[in-house]
Structure formats: structure tokens, C-alpha cells
Amino acid sequence: MDYLASIAGPGAETHRETMNSSLNPGFLAELAQQASALDPTQEELEELFTKTGNYARQHLATVRETPAYVKSKERSVGLLSSPIGEEGISLDEALQLLYDFVDHEGLNSGSPRYLGYIPSGGLVHSAFGDFLAAVGGRYAGVFHSSPGAVRMENMLIRWMAQIVGYPRGAGGYLASGGSIANLSAVITAREASGLRGADYDRAVIYMTAHTHHCVDKALRIAGMGSSIRRRVAEDGHCRMSPDALEKTIVADKASGLNPWLIVGSAGTTNTGTVDPLSEIASIARSHHLWFHVDGAYGAFFALCPEGQEVLSGINQSNSLVLDPHKTLFLPFGTGALLVRDQEFLGPAHGGRGEYMLDMDSDAHELSPAYLSPELSKHFRGLRMWLPLKLLGVAPFRAALSEKIHLARYAYERLREFEGFQVGSYPDLSIVTFRYVPEKGDANEFNLALVNRLHQDGRAFLTSTRIRGTIVLRLAIVSFRTHLEDINETLEILCDHVNALKEK
Ligand SMILES: *Cc1c(COP(=O)(O)O)cnc(C)c1O
């Protein structure tokens with residue numbers, strides 16, 4: 001029966017009994033009066049602009065000097081003493097809570113001496129982009145809703161595709177970060193290869209011991225937790241060995257398994273090492289495997305000549321992840337997936353509801369909603385477009401070159417320091433090293449060293465374990481990090497080594 005006719009029968013009146021107040025104008029006016037707080041007056045807006053502006057200005061004026069890391073005993077628990085309640089608090093009070101309990105404890109990702117993990121950027125122009133995106137409220141998921149927002153995001157995708165040398169016909173989308181983009185890549189590869197549940201136990205994925213753990217997470221989330229993962233042997237510099245890769249694939253085929261996916265790293269998180277991408281690509285082609293490259297940390301180095309050389313072959317991959325919130329210096333919240341042939345994105349991510357009937361008219365460009373897991377989404381394009389348009393690409397290129405040269409500089413300095421041992425020459429902008437004490441266990445010494453550095457907080461470094469050896473890392477990724485910051489960090493490091501030696 002016709003839907004509207006079907007609901008007009010007996011029983012349709014039951015809810016109406018309680019709805020009398022909906023017809024009472026006084027009651028509605030009272031609700032409107034209370035709800036009007038959600039829409040600030042000009043005066044209230046002025047206060048929001050001025051006070052948050054001042055807060056931001058003060059933050060930026062001091063971000064270079066504030067410690068890279070602060071760990072208090074209370075660990076921000078004070079925030080909980082101001083619970084969410086029926087009544088609001090003043091903006092001054094709210095900003096004070098933010099200042100006391102959020103912005104002054106933990107990692108200061110804006111510090112030029114934040115050199116741990118992979119630093120995120122925090123380019124302030126992006127904050128204004130986010131602000132305008134939120135104020136404008138354009139929906140960037142479907143072309144019909146905001147042709148401009150969708151064109152902007154797709155334009156950025158094409159720009160990234162061009163940087164890495166992907167052909168026309170490549171596509172992709174802006175994700176919230178590298179982990180989600182890698183998950184989408186795994187699902188795209190799975191659908192492109194026609195794998196079904198019954199095939200998962202025999203599907204083989206090739207990576208190294210240094211592949212980011214989000215790939216394992218992605219496989220599990222994708223329902224492929226039972227697939228077989230090969231940690232392909234690496235050369236002395238932590239790069240995937242093409243010989244070992246090919247031998248493993250051949251052996252797996254011979255034993256009836258289904259070699260499916262190779263995950264190469266364009267800059268591992270551990271050491272910043274780039275796998276031999278060209279050689280891996282040709283093995284992938286000759287054995288018909290999908291070749292995915294995780295370039296969340298490293299792919300943007302393709303913008304500078306030094307990086308381009310190291311990344312050669314990246315354009316031969318089937319899919320690629322980049323993280324604008326790392327090496328394009330954006331604040332947290334933007335990753336990107338590129339797929340060499342965008343035709344593969346739709347089958348992996350497409351889907352429509354009946355309530356979307358009006359959405360498909362007049363589409364001049366592909367819509368992110370049909371190429372990605374999200375429907376309602378943040379208009380991420382603006383936070384990336386605004387800085388690129390205002391500043392041009394040149395300063396980004398220069399900053400990336402600078403990071404590579406600073407890493408080489410730090411490597412040479414550390415190599416000369418007595419008692420220090422350096423890891424491989426940096427491919428990109430991560431330097432690994434350790435101090436080898438004359439007596440005692442080196443691993444324990446270096447863990448104690450990193451602990452002291454964290455207590456100190458002026459500079460922030462992290463440790464990792466490579467084949468059982470604890471090493472320290474300098475991940476030089478922030479646009480604010482310059483030569484004087486590296487020198488200061490090395491001084492702090494030596495001070496703590498000396499203090500530890502005397503203990
Ligand atoms: C950071 C990183 C990821 C994860 O990306 P998120 O943006 O943190 O989700 C994946 N791979 C590599 C190599 C990374 O450095």
C-alpha cells in the first residue's frame with residue numbers, strides 16, 4: 001500500500017495527544033528564547049573574536065619558548081572539576097580552563113624542539129581555514145551540495161597526485177589522518193583484487209618490521225585479521241630487500257597461497273627509511289600484486305629535489321598515503337589517500353541511501369562521499385588550500401629541504417661526538433643514534449637518557465627499538481625547527497649524557 005495512505009489508519013492519532021503544547025505559541029516562544037543563546041549577538045561575537053584572538057596571539061608569541069614537554073603530577077585532572085552543566089560559564093573562565101588544563105601539559109607540538117615520534121605541524125593559516133570552514137558550514141561531501149568545496153578538495157588531490165608523479169586518472173580523498181587513509185587503501189586493494197571472505201586465510205601481505213602498525217590495524221578492521229603477513233627481510237639500512245621479497249612471493253605461490261598486497265614505506269616512522277620503491281614496483285607488476293606505499297611521513301618530501309631523488313619510483317605504486325598534518329605542516333586532522341586509478345575507489349567505498357535522491361544531479365566532479373568512508377564530514381580542503389594559496393608552494397619546498405639538511409647536519413655532529421653511535425645516514429629527516437657508555441648496559445643507559453630528557457622537557461625526543469637495540473630518534477619535521485634549535489637540542493642532550501655518566 002502507498003506509504004502515506006498506510007499510516008492514516010487507526011492508531012495514527014496516539015502521539016497527537018501529547019503534542020498539544022506544540023500548538024501553544026507561548027510555549028514555543030519560551031523555548032526559542034532559551035535556545036537563542038546558541039546564536040550569539042553581535043556583541044557576544046565581538047567578545048568571542050577578541051578574546052580567542054588574544055588567547056591565540058599569546059600562545060603563538062610564546063610557543064617557541066614554552067617547553068616541548070611538560071608532565072605534572074596532576075595530569076590535567078583539574079579539568080574534571082568543571083563538569084558539563086545546565087548553565088554556561090564565561091568565556092574568560094573557559095579560556096582559563098583551556099590554558100590551565102589543556103594547553104600547558106603534555107607535548108607542545110608547536111615547539112621547534114619537539115622532535116619525537118612524527119611531529120604534526122600546526123600551521124596557523126590552517127586554523128583560519130578551519131574557522132572559515134566551520135563558519136561557512138559548506139558540506140564538502142557531495143558536488144551538488146557545494147560545488148566549490150568539492151572542487152577545492154579535488155583540486156588538492158590532483159595537486160598531490162601531480163607532486164608524486166601519478167598519471168591523469170588518479171584520484172583520492174582527504175581523510176582525517178594516515179591511519180584512516182591506510183585503512184581505505186587496504187579496502188580499495190581488497191576490492192580491486194576481488195578477494196572474498198573465503199580467500200582471506202590464503203591472502204598474503206608483504207611488509208617489513210618497520211611498516212607502521214596502522215597497517216596491521218587496518219587489516220584487522222577490514223576483517224582480514226586472518227590474512228598472512230610476511231615481514232620481508234631488510235638490508236642493513238632497514239630497507240625492504242627486493243630479492244627477499246621476490247623469493248618469498250615465489251615460495252608462497254608455490255605453496256598455494258595468494259600473494260596479494262605489498263606495503264612499501266616512503267619514510268618509516270622508526271628511521272625515516274625509504275624502501276626501494278622502483279624495484280618493489282616492478283616485482284609487484286610481474287607478480288600481479290597491488291603495491292601500496294605508506295608515505296604518511298615522507299611522501300611530501302617529493303616537493304623538494306633532495307626528497308624527489310630518494311622517493312623515486314613512488315609514482316609506480318597503485319595507491320599512496322600522504323599526511324598533510326605531518327610534512328605539509330598542517331595541524332592534526334588531515335591525511336590523504338591517492339589511488340593511481342580512481343576507478344577503484346568507488347567499488348570499495350560507494351553507497352547511497354534513498355534520502356540522497358536529490359544529491360546526484362548536475363555532478364561535474366566526483367564526490368568524496370562516494371569515494372571515502374565518510375558522509376557528513378569536515379570541509380578539510382580549506383585548511384590546506386588557504387595556506388597553499390596565501391604562501392605559495394615555495395616556502396613549503398624550502399622548509400622540506402631545510403629539514404633534510406638539518407637531519408644531515410645533526411647526523412654529522414652526532415657522529416663526531418665522543419661515545420655516540422649513529423644509525424644509517426638519513427634518507428629523509430629522521431636521525432637515529434645512541435650513546436654507548438664505557439660501562440654498563442647501553443640499552444638501559446639510553447632509556448635513562450630519554451627519561452631525563454622528558455623530565456627536562458626543553459626538547460622532546462623519543463626512543464625506539466631496532467633489532468633489540470634501543471636507539472634515540474631526532475624527527476626533524478616542524479616548520480619551526482631551524483639550525484639553532486638543533487644545536488640547542490644537541491647541547492641539552494650532551495648535558496644529560498654527562499650528568500648520567502657521573503652517576
Ligand atoms: C604517522 C604515520 C601513520 C599514521 O598516520 P596518522 O595520521 O597518525 O593516523 C602511518 N604511517 C606512517 C609511516 C606514519 O608516520
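Residues numbered from 1 in each chain as written. Predicted model: local features only at pLDDT ≥ 70, side-chain atom pairs only at ≥ 80, totals over all residues. Heavy atoms only, no water.

Caption draft 1: Representation of the side chain of Thr489 in the model. Mapped onto the elements, Thr489 comes out in helix α17 (residues 483–502). What Thr489 contacts, discounting residues up to four positions off in sequence, is Arg113, Leu115, Ala459, Leu461 and Leu474. (Helix = DSSP H or I, 4+ residues; strand = E, 2+ residues; numbered from the N terminus. Contact = heavy atoms within 4.5 Å.)

Caption draft 2: Structural context of unusual backbone geometry. Of note in this structure, Arg75 is not a glycine but carries a positive phi near 50°. Tracing the backbone through its elements, the reader meets Arg75 in the loop between β1 (69–70) and α4 (91–101). At Arg467, a position not held by glycine, the phi torsion is positive, near 45°. With respect to the helices and strands, Arg467 occurs in the loop between β12 (462–466) and β13 (469–475). Accessibility expressed as a relative area gives 57% for Arg467, which makes it exposed. (Buried < 20%, exposed > 50% of the residue type's maximum accessible area, 1.4 Å probe, protein only.)

Caption draft 3: Expanded view of the domain arrangement of the protein. Splitting the protein by domain gives domain 1 (130–392) and domain 2 (395–501). For domain 1 versus domain 2, the distance between C-alpha centres works out to 30 Å. Listed as interface residues are 34 residues of domain 1 and, on the opposing side, 24 residues of domain 2. At the junction of domain 1 and domain 2, the tally comes to two salt bridges. Residues Glu234 and Arg467 are paired through a salt bridge, measuring 2.7 Å at the closest nitrogen-oxygen approach. Taken together, the connections running from domain 1 to domain 2 amount to twelve residue pairs in polar contact (both at pLDDT 80 or more). Going through the elements one at a time, α11 (305–310), α12 (324–327) and α14 (381–391) are the ones with two or more residues in the side of domain 1 that touches domain 2. Split into classes, the residues belonging to the side of domain 1 that touches domain 2 amount to 15 nonpolar, 14 polar and five charged. (Domains from an automatic or database assignment. Salt bridge = Lys/Arg side-chain N within 4 Å of Asp/Glu carboxyl O. Polar contact = N/O pair within 3.5 Å; in protein donor to acceptor, adjacent residues only side chain to side chain. Nonpolar A, V, L, I, M, F, W, Y, C, P; charged D, E, K, R; others polar.)

Caption draft 4: The sheet that holds strand β6 (residues 258–265), seen in detail. The seven strands are arranged β3-β9-β8-β7-β6-β4-β5 in an open sheet whose pairing can be described as mixed. What marks the edges here is a single partner per strand, and that holds for β3 (171–175) and β5 (228–231). Recorded for the sheet is a direction-independent mean angle of 20° between the axes of neighbouring strands. Bridge analysis of β6 against strand β7 (residues 290–295) gives five bridges, and the strand direction is parallel. Residue pairing for β7: Ile262 is matched across the bridge by Phe291. With respect to the sheet, helix α7 (residues 178–192) is in contact with β3, β6, β7, β8 (319–322) and β9 (335–339), its orientation differing from that of β9 by roughly 20°. On top of the sheet, helix α10 (residues 277–287) reaches β6 and β7; it is set at about 155° to β7, its chief contact. (Pairing = 2+ DSSP bridges. Axes fitted to C-alpha atoms, helices over the stretch in contact; angles between N-to-C directions.)

Caption draft 5: How the structure looks around the site of the ligand. Lining the immediate surroundings of the ligand are 15 residues, of which Gly178, Ser179, Asp294, Asp323 and Lys326 lie closest. In this structure, Ser179 approaches the ligand through a side-chain N or O atom, which is 2.6 Å from an oxygen atom. Look at the ligand: alone it shows 380 Å² of surface, and the protein chains cover 85% of it. Listed by contribution, the elements that provide at least two residues to the shell around the ligand are α7 and α12. Sorting elements by how many residues they give to the shell around the ligand places α7 first, with three residues. By residue class, the composition of the shell around the ligand is four nonpolar, eight polar and three charged. (Near = heavy atom within 4 Å. Areas by Shrake-Rupley, 256 points an atom, 1.4 Å probe, with all protein chains shown as cover.)

Caption draft 6: Main features of the pairing of β8. Judged by which residues are buried, β8 turns out to be covered on both faces: Ser319 and Val321 on one side and Leu320 and Leu322 on the other are all buried. The pairing of β7 with β8 spans four bridges and is parallel. Paired with His292 across the bridge in β8 is Ser319. Of the crossover connections in this fold, the one passing from β7 over α11 to the parallel β8 is right-handed. Pairing geometry for β8 and β9, over four bridges, is antiparallel. Paired with Leu320 across the bridge in β9 is Leu338. (Right-handed = clockwise from strand over helix to strand, strands pointing away.)

Caption draft 7: Structural context of the sheet that holds β12. Spatial strand order, β10-β11-β13-β12: four strands in an open sheet with antiparallel pairing. Among the strands making up the open sheet, the edge pair consists of β10 (420–422) and β12. The sheet shows a mean angle of 40° between the axes of neighbouring strands, direction not considered. With five bridges joining them, β12 and β13 adopt antiparallel strand pairing. The residue bridging Arg465 from the neighbouring strand is Ile470, located in β13. Against the sheet, helix α16 (residues 442–456) makes contact with β11 (430–435), β12 and β13, and its axis sits at roughly 35° relative to β13, the strand it touches most.

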